[in-house]
Amino acid sequence: MHALAVDLGVAVNLASKVVLYDVEGPSLSLENGSSVSADLIVAADGVNSTARRTVQGGTDHPPQRTGFAAYRAVVDIDRLQGDPDIAWLLEKPSFNLWLGDKRHVMTYAIGAGKTFNMVLSHPDDGSGWDTTEEETIADMRKEFEGWDPVLSKIINMIDKTLKWPLFSGSIMNRWISGKLVVLGDAAHAMLPYMSQGAAIAVEDGVALAQALSKITSKAHIPHALSAFEKVRMQRANQMQEASLLQGKLWHFADGPAQQARDAAMRPEVEGRPFSHSPNQWSDPATQMWCYGYDAEREIDLEWDRRLKGRGDSQ
Ligand SMILES: Cc1cc2nc3c(=O)[nH]c(=O)nc-3n(C[C@H](O)[C@H](O)[C@H](O)COP(=O)(O)OP(=O)(O)OC[C@H]3O[C@@H](n4cnc5c(N)ncnc54)[C@H](O)[C@@H]3O)c2cc1C
C-alpha cells in the first residue's frame, strides 16, 4: 500500500506528530514546530485521536474501555501441523471459535496460510498492564485454564503475546469541522468481535474518495464531506452495534441462553444448511449486510438523492 501511495505521488512523512488543527485554513501544526496547509485534512489518527476533539469543538467524547481486553498472538503453522490433535483444524481454511463465560478465542490462518492468528478475549479488571512478558503469558494461560484440551495445547505453544485494551467509540454527532474530517478508529472505534474495524476504516477511505470525485471545485468540498458523513456514520454506527451484540452472544455463561444459542448454531457447526444463525459471522442476512456492502454505490445513491432534492448539480 505504501509503494502504491508513493507511485501515485503521495509524500509520506514519518515522525510527524500533529499537535494542532486549524479547520478553516485548513492547516495543521506539527510537534517539530512546522506547519502544513491543504485543501482538506483527513485525520485517521486512531482511538486516541487529537483531531476528534477539534472536530467536536474542543470537548472530546473518547472511546470507552469496554471491560474487555484481548491477547493477540501468532503460532507457526508448521508447529501445529506436526501435532495430530491439532492438525485437523488446518485441513481447510476456516475460522475457529471457542466460546465461554465472558471469554472467547478466535483463530484463523494469515500470511498466505503460514501463520495461525489468535485473538483471546477476556474480562479486563484494569490489572495486569504492567507485567513482564512471562507474566502476561502466564495470565493468558490462566484465563483459559480448563478449556478445550486442543485449545490449551495451542495456547501452550504461544511464545509471545500482546495484551490490548478493547474500546468502543462513543457515538459522535459529527465527523467534520470546516475542512477537517476524521475517519477510521478516530471516528468509530469498535470492539473487534466482527473483525471489521480496519475494514470499515478502508470503506471510509473509499467512500470519501467517491464523494470527492463528484465535485469539480474546491468550493464544493463541504457538499462532498456532508454526503460522506451521512452515509458513513450510519454504516459505522451499525457495525459498532453489531460488534457489541456479538460480544453479548458469544459470552453467555452456561445456562438457558447459552443452550439456545448453541442449539441454533448446531446446523452450521455440523455443516448442515441453515438460513439464520446467532453467530453473526455466518448468519446469511448479516453476511450480506456486512460483506456485500458497496461503499462507492452508497455514496452514489446519497449523491443522487441530494441532487434530486435540490434539483441542481455541482
Ligand atoms: C485485538 C484486535 C483485533 C482486531 N482485529 C481486526 C480484524 O481482524 N479486522 C479488522 O478489520 N480490524 C481489526 N481490528 C481493528 C483495527 O486494528 C483498527 O480498526 C484499525 O487499526 C484502525 O485503523 P486506523 O487507521 O483508523 O487507526 P490506527 O491503526 O490506530 O492508526 C492511527 C495512526 O495515527 C497515528 N497518530 C495518532 N495520533 C497522531 C498525531 N497526533 N499525529 C500524527 N499521527 C498520529 C498513530 O501513530 C497511528 O499510526 C482489531 C483490533 C484489535 C484491538
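All values reported here derive from a predicted model rather than from experimental measurement.

Calculation criteria
Residues numbered from 1 in each chain as written. Predicted model: local features only at pLDDT ≥ 70, side-chain atom pairs only at ≥ 80, totals over all residues. Helix = DSSP H or I, 4+ residues; strand = E, 2+ residues; numbered from the N terminus. Buried ≥ 20, exposed ≤ 12 C-beta atoms within 10 Å, placed from the backbone. Contact = placed C-beta atoms within 7 Å. Pairing = 2+ DSSP bridges. Near = placed C-beta within 6 Å. Nonpolar A, V, L, I, M, F, W, Y, C, P; charged D, E, K, R; others polar. Axes fitted to C-alpha atoms, helices over the stretch in contact; angles between N-to-C directions. Parallel < 35°, antiparallel > 145°, perpendicular 65-115°, else oblique. Left-handed = near helix turned anticlockwise from the far one by under 90°. Domains from an automatic or database assignment. Expected span 1.5 Å × (residues − 1). Bend = angle between axes of the 7 residues up to and from the residue.

Participant: Describe the overall build of the protein chain, with residues and values.
Facilitator: Summing up its helical and strand segments, the protein chain has 12 helices and 11 strands in all. Projecting the C-alpha coordinates of the protein chain onto the three principal axes gives extents of approximately 65 × 50 × 40 Å. Here the protein chain, with 314 residues, has 26% of them falling under the buried criterion. Nonlocal contacts in the protein chain, meaning residues at least 24 apart in sequence, comprise 64% of its contacts between residues at least 6 apart.

Participant: Any details on the sheet that holds strand E4 (residues 41-43)? Residues and values, ideally.
Facilitator: Strand pairs in the sheet, formed through backbone hydrogen bonds, run parallel or antiparallel to each other. One open sheet accounts for 3 strands, arranged E4-E11-E10; its pairing is mixed. Two strands in the sheet have a free side with no partner beyond their single neighbour: E4 and strand E10 (176-177). As paired elements, E4 and strand E11 (residues 180-182) share 3 bridges and run parallel to each other. What sits directly across from Ile41, in E11, is Leu180.

Participant: Please set out the site of the ligand residue by residue, giving values where relevant.
Facilitator: In the neighbourhood of the ligand, 20 residues make up the surrounding shell, with Gly46, Gly184, Ser195, Gly197 and Ala198 lying closest. For the shell around the ligand, the secondary structure elements donating two or more residues are strand E5 (64-76), helix H7 (185-188) and helix H8 (197-213). Counting residues per element, the shell around the ligand draws most heavily on H8, which supplies 4 residues. Its residues placed into classes, the shell around the ligand shows 10 nonpolar, 6 polar and 4 charged.

Participant: An account of the environment of Trp175 is requested, with residue identities and associated values reported.
Facilitator: In this structure, Trp175 sits in the loop between strand E9 (162-168) and E10. Separated by 58 residues in sequence, Trp175 and Met233 have C-alpha atoms that sit 8.1 Å apart.

Participant: Outline the packing of H8 against helix H9 (residues 221-250), supporting the account with residue identities and numerical values.
Facilitator: Interhelical geometry of H8 versus H9 gives an angle of 160 degrees and a closest axis separation of 9 Å. In terms of their interaxial angle, H8 and H9 are classed as roughly antiparallel. The chirality of how H8 crosses H9 is right-handed. For the pair H8 and H9, contact is made by Ile200, Glu203, Asp204, Ala207, Leu208, Ala211 and Leu212 and by Ala224, Ala227, Phe228, Val231, Arg232, Arg235, Ala236 and Met239, respectively. Looking at the contact of H8 with H9, its residues break down into 11 nonpolar, no polar and 4 charged.

Participant: Explain the domain arrangement of the protein chain to me, using residue names and the numbers behind them.
Facilitator: Examined at the domain level, the protein chain breaks down into domain 1 (1-62 + 172-189), domain 2 (64-167) and domain 3 (190-314). A straight line from the C-alpha centre of domain 1 to that of domain 3 covers 23 Å. Contact with domain 1, which involves 15 residues of that partner, is made by 15 residues of domain 3. In terms of residue count, the dominant contributor to the side of domain 1 that touches domain 3 is H7 (3 residues). Its residues placed into classes, the side of domain 1 that touches domain 3 shows 9 nonpolar, 2 polar and 4 charged.

Participant: An account of the pairing of strand E8 (residues 115-123) is requested, with residue identities and associated values reported.
Facilitator: Strand direction decides the pairing type here: E5 and E8, joined by 9 bridges, are antiparallel. What sits directly across from Ala73, in E8, is Met118. Across 7 bridges, the pairing between strand E7 (residues 103-110) and E8 is antiparallel. Following the sheet pairing, Met106 is matched in E8 by Val119. Taking the residues that link successive antiparallel strands as the turn, the E7-E8 hairpin has 4 residues, and the phi of Gly111 there is positive, at about 60 degrees.

Participant: Summarise the environment of Ser27; cite the residues concerned and give the values.
Facilitator: Within the secondary structure layout, Ser27 lies in strand E2 (residues 27-30). For the pair Ser27 and Leu40, spaced 13 residues apart in sequence, the C-alpha to C-alpha distance is 8.5 Å. Not counting the four nearest positions on each side in its chain, Ser27 is found in contact with Asp22, Ser35, Val36 and Ser37.

Participant: Can you lay out the sheet that holds E2 for me, pointing to particular residues and giving the numbers?
Facilitator: Within the open sheet, the 3 strands sit side by side as E1-E2-E3. Their pairing is antiparallel. Of all the strands in the sheet, just strand E1 (18-22) and strand E3 (35-37) have a single pairing partner and so form its edges. On average, each strand axis in the sheet is inclined to that of its neighbour by 20 degrees, with strand direction left out of account. Pairing of E2 with E3, which is carried by 3 bridges, proceeds in the antiparallel orientation. Within E3, the position partnered with Leu28 by the bridge is Val36.

Participant: Help me get a handle on helix H10 (residues 256-269), residues and values and all.
Facilitator: Over its 14 residues, H10 runs 19 Å from end to end, which matches the ideal 20 Å to within 8%, given 1.5 Å per residue. Along H10, the helix axis deviates most sharply at Ala263, where the bend reaches about 30 degrees; the proline Pro267 sits within four residues downstream. Just downstream of H10, Gly271 is the residue with a positive phi angle, here 75 degrees.

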